Amino acid sequence: MNRGRPEPVQVIKQRRDAALTSLVDGVPYAKFLGIHFDRRGDELTAVLPFDEKLIGNQMLPAIHGGVTAAFLEITAVIGLSWQMLWNDIESGDAGGDMTLPRMPKTIDFTIDYLRSGLPRDAYARARVNRSGRRYASVHVEGWQDNRQRLFAQATGHFLMPQRDE
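All values derive from a computational prediction rather than experimental measurement.

Our focus in this paragraph is helix α3 (residues 65-91). Over its 27 residues, α3 runs 39 Å from end to end, which matches the ideal 39 Å to within 8%, given 1.5 Å per residue. At Leu 85, α3 shows its largest bend, some 50°. Taking burial as the measure, the 27 residues of α3 include 19 buried ones, the bulk of the element. At the exit of α3 stands Gly 92, carrying a positive phi of roughly 90°.

And the structure:
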């Protein structure tokens, strides 16, 4: 990378978008559920667009608990991987044809279902509490219409993949 002149902002944005697309494409179930990510700088917001196939209880109707759990876990894994790759993405070491490291493996994942998921779009954000060479802890919050009114939250612990030095 040329240190004398900063890279054009479009080049950086394209590199970030390509890295994020590669990460999300590495989780086929995310595509099945329709999950995508809204990126603003280094912050990711997961979006689960409403679809009738997501309904578990037709009487309420409410989003299936398994879909909610998968949505939050995918958000945690992608958020953790994103943070892990951020320095490589920013430095340009992770090019457009980047080879992604293995995804973190879930050790445990605890979900608090706070209220029914309504038949509408859902959003989630992950906060990495700790990320070391071997272990990471992530908290995820999911909401629908009001960011302050969560419908589910989760805490997960992950085994970090070994990175080549």
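Having put the structure on the table, let's press on.
So, about the environment of Arg 133. Residue position: Arg 133 is located in the loop between β6 (122-131) and β7 (135-143). Overall, Arg 133 belongs to the exposed group, its relative accessible area being 77%. Along the primary structure Arg 133 and Tyr 123 are separated by ten residues, whereas in three dimensions their C-alpha atoms are 29 Å apart. Setting aside its immediate chain neighbours within four residues, Arg 133 contacts Met 160 and Pro 161.

Each value, and the rule that gives it
Residues numbered from 1 in each chain as written. Predicted model: local features only at pLDDT ≥ 70, side-chain atom pairs only at ≥ 80, totals over all residues. Heavy atoms only, no water. Helix = DSSP H or I, 4+ residues; strand = E, 2+ residues; numbered from the N terminus. Expected span 1.5 Å × (residues − 1). Bend = angle between axes of the 7 residues up to and from the residue. Buried < 20%, exposed > 50% of the residue type's maximum accessible area, 1.4 Å probe, protein only. Contact = heavy atoms within 4.5 Å.

Purely geometric stuff here, so don't read any function into it on its own.
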